Amino acid sequence: MKICIFWYRRDLRIHDNAGLAAALASGLPVLPLFIYDQEILDHLPEKADARLTFIHDEVEKLAQETEAAGGTFLARYGAPLQVLEQLVQDFEVAAVHTNEDYEPYATERDTAVAKLLKKHGIDFHTYKDQVIFAKEEIMTKSGTVPKVFGAYLKAYTARLTDELLEPHDSKKLFKKDYLHHVSREKAGARPTLESMGFERKEQHFPPVKLPAESIVRNYHKTRDTPANEHGSTRESLNLRFGTLSVREVMRQARALNPKLLAEIIWRDFFMMLLWHFPRTATESYDPKMRHIEYRNNEDEFRAWCEGRTGYPLVDAGMRQLNETGYMPNRVRMTVAGFLVKHLFIDWRWGERYFADKLLDYDMANNVGNWQWMAGTGAISAPWFRVYSPESQQAQVDPELKYIRRWVPEVGTSKYPAPIVEHKFARERAVEAIRAARIAAS
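Residues numbered from 1 in each chain as written. Predicted model: local features only at pLDDT ≥ 70, side-chain atom pairs only at ≥ 80, totals over all residues. Heavy atoms only, no water.

K.L.:
Can you help me understand the environment of Arg251 in this one?
P.N.:
Counting through the fold element by element, Arg251 comes out in helix H12 (residues 246-256). Classification of Arg251 as partly exposed rests on a relative accessible area of 32%. Taking the C-alpha atoms as reference, Arg251 lies 47 Å from Ala435; in sequence the two are 184 residues apart. Of the polar contacts made by the side chain of Arg251, one reaches the backbone oxygen of Leu165; its length is 2.4 Å. (Helix = DSSP H or I, 4+ residues; strand = E, 2+ residues; numbered from the N terminus. Buried < 20%, exposed > 50% of the residue type's maximum accessible area, 1.4 Å probe, protein only. Polar contact = N/O pair within 3.5 Å; in protein donor to acceptor, adjacent residues only side chain to side chain.)

K.L.:
Got a minute to help me understand the UniProt feature "domain: Photolyase/cryptochrome alpha/beta" (unreviewed entry) in the protein chain in this structure?
P.N.:
The sites that carry the UniProt feature "domain: Photolyase/cryptochrome alpha/beta" (unreviewed entry) are, in the present numbering, residues 2-132. Split by type, residues 2-132 is 44% helix and 24% strand. Its first and last C-alpha atoms lie 32 Å apart. (UniProt positions renumbered as here; feature names shortened; annotations may be inferred.)

K.L.:
Explain the packing of helix H16 (residues 329-342) against helix H18 (residues 363-374) here, please?
P.N.:
Two packed helices can be described by the angle between their axes and the distance between those axes. Following both chains from N to C, one finds H16 and H18 inclined at 55 degrees, their axes separated by 9 Å at the closest point. Between H16 and H18, the interaxial angle falls into the category oblique. Note on packing geometry: the crossing formed by H16 with H18 is right-handed. Facing Met333, Ala336, Gly337, Leu339, Val340 and Lys341 of H16, the residues of H18 in contact are Trp370, Trp372, Met373 and Ala374. Among the residues making up the contact of H16 with H18, the classes are represented as eight nonpolar, one polar and one charged. (Axes fitted to C-alpha atoms, helices over the stretch in contact; angles between N-to-C directions. Parallel < 35°, antiparallel > 145°, perpendicular 65-115°, else oblique. Left-handed = near helix turned anticlockwise from the far one by under 90°. Contact = heavy atoms within 4.5 Å. Nonpolar A, V, L, I, M, F, W, Y, C, P; charged D, E, K, R; others polar.)

K.L.:
Explain the pairing of strand E3 (residues 74-78) here, please?
P.N.:
Each regular strand displays side chains that alternate between the two surfaces of the sheet. With four of five residues buried, E3 lies mostly within the body of the structure. Relative to E3, strand E2 (residues 30-37) runs parallel, the two sharing five bridges. Bridging from a neighbouring strand, Phe34 pairs with Ala75 of E3. (Pairing = 2+ DSSP bridges.)

K.L.:
I'm lost on the pattern of salt bridges in this one. Help?
P.N.:
Think of it this way: side chains of opposite charge can pair up when their charged atoms draw near. In total, this model carries 38 salt bridges according to the counting rule given. The partner of Glu103 in a salt bridge is Arg10, with the nearest N and O atoms 3.2 Å apart. Within this pair, whereas Glu103 is found in the loop between strand E4 (93-99) and helix H5 (104-119), its partner Arg10 is found in the loop between strand E1 (3-8) and helix H1 (18-24), the two being separated by 93 residues in sequence. The pair formed by Glu103 and Arg10 is uniform in burial state, with each residue classed as buried. Taken together, the shared-partner salt bridges in this structure form one network comprising Arg223, Asp224, Lys259, Glu263 and Arg330. (Salt bridge = Lys/Arg side-chain N within 4 Å of Asp/Glu carboxyl O.)

K.L.:
Is there a simple way to explain the packing of helix H15 (residues 312-324) against H16 in this structure?
P.N.:
Two elements in contact, H15 and H16, have axes whose closest approach is 9 Å; the angle formed by their N-to-C orientations is 110 degrees. Accordingly, the angle class assigned to the pair H15 and H16 is roughly perpendicular. Considering only the axes of H15 and H16, their crossing is left-handed. For the pair H15 and H16, the contacting residues are Leu313, Val314, Gly317 and Met318 in the first and Val331, Thr334, Val335 and Phe338 in the second. Classifying every residue of the contact of H15 with H16 by side-chain character gives six nonpolar, two polar and no charged.

K.L.:
Just to check I follow, could you spell out the side chain of Arg240 for this structure?
P.N.:
Mapping Arg240 onto the fold places it in helix H11 (residues 236-241). Within the structure, the side chain of Arg240 is placed 2.6 Å from the backbone oxygen of Tyr361, a separation counted as a polar contact. Discounting residues that sit within four places of it in the chain, Arg240 has contacts with Arg10, Asp360, Tyr361 and Asp362.

K.L.:
Explanation requested: H18 in the structure shown.
P.N.:
Residue pairs spaced three or four apart in an α-helix point in one direction, given the helix's 3.6 residues per turn. When the terminal C-alpha atoms of H18 are compared, their 16 Å separation across twelve residues agrees well with the 16 Å that a helix rising 1.5 Å per residue should span. Burial analysis of H18 places nine of its twelve residues in the buried class, which makes it a mostly covered element. Buried residues of H18: Ala364, Asn366, Val367, Gly368, Trp370, Gln371, Trp372, Met373 and Ala374, and no others. Close packing links the buried residues of H18 with helix H13 (258-276), helix H14 (298-306), H16 and helix H17 (347-357). Regarding H18, its N-cap is Asp362, as a side-chain oxygen of that residue lies 3.1 Å from the backbone nitrogen of Ala364 further along. Downstream of H18 by a residue or two, Gly375 has a phi angle that is positive, lying close to 75 degrees. (Expected span 1.5 Å × (residues − 1).)

K.L.:
Please explain unusual backbone geometry as it appears in this structure.
P.N.:
Working note: non-glycine residues mostly have negative phi, and peptide bonds are mostly trans. One non-glycine residue, Asn296, lies in the positive phi region at around 50 degrees. With respect to the helices and strands, Asn296 occurs in the loop between H13 and H14. Take Asn296: its relative accessible area is 25%, and that puts it in the partly exposed class. In this structure, Leu400 is a non-glycine residue whose phi angle is positive, near 60 degrees. Its location among the elements puts Leu400 in the loop between helix H19 (389-396) and helix H20 (401-406).

Written out as structure tokens, the structure is:
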């Protein structure tokens, strides 16, 4: 029997799933698949990884829902090309459907997959699902890539319609008549964390549901108050792994809070930039900023990682990140700015550390925001801007409620003195960057 495969990636849900809906409507029985990509997992720094635990739990939920609907769910561990090569030998595959991914590795992988499947006479269909507008859908009037978010936001919201946010009917079609069923023997055992060489890590994850209406309505008032546990929607993890769809998240934000809607649109903006400029994943966008001689002091970097800088807001953020895998957005800006300007350490060191620790790590957002803070990106803060950690603290945590939760020894003899003085650090960074820019001119 000819079948099609739907390949889950950053879209771990049945409802409102563009690629899954298209596969189910294709007229061929659908065999859902998830690949634990060894080429990604091999780079995880620890065997007990909370994100992999989250993914594994969600994949198992999908498998159970698929079986309850009368179908079979496949899960494999290995390199995607090798896994797919084996599957086209095991099944009569006519087509593979999947949703687009815009990161450099993903685009290279999908190009190779398309070539492999074409060799076997198999169609490869990709769909836009994790963003509303992608690639070249929003460009400047002169046909160039937009690098000013304000103009991008204006063009984006002008084109954003109710129709674009309508859910896909994947959940309605997800039933026995549209799914493929095979024996347990042919399906094979699904990988466990242990069989892949990993361990379970218990961690608190935000619920897989839209935030309460009250949180969304008040978002613009509470988003910069890290002590308020309900000040943020905490949707980023579910958007990252697609357990919620961007359309349902945007529908709620559009109806209740334009500030939150704008923040979600930043996702599309950064993904568009990374797709156009994939080298920025590891290289500064601005050529004049590529030859800065950062200090890269390893002892100071370690102090930053461990929350021992002597700047309470910076230390609170880093300790929260290390313990929970999360940090409020305003605090992320503060700790990033401190690393690249006060300690004058390469932004890539910080980006990599966040990549290892953040539950909601998303390359486009992470790279975009780090390069913004460093002044090196396609969109960036002025390179000479150096935020004062004390001023940031006074604005977002004047009563030290957030700080005292994560740095209880603040104000005592046990808390270290500042690792560097603000005015000195600011002048050092500005002069070094100015000199590098002049030399590169």
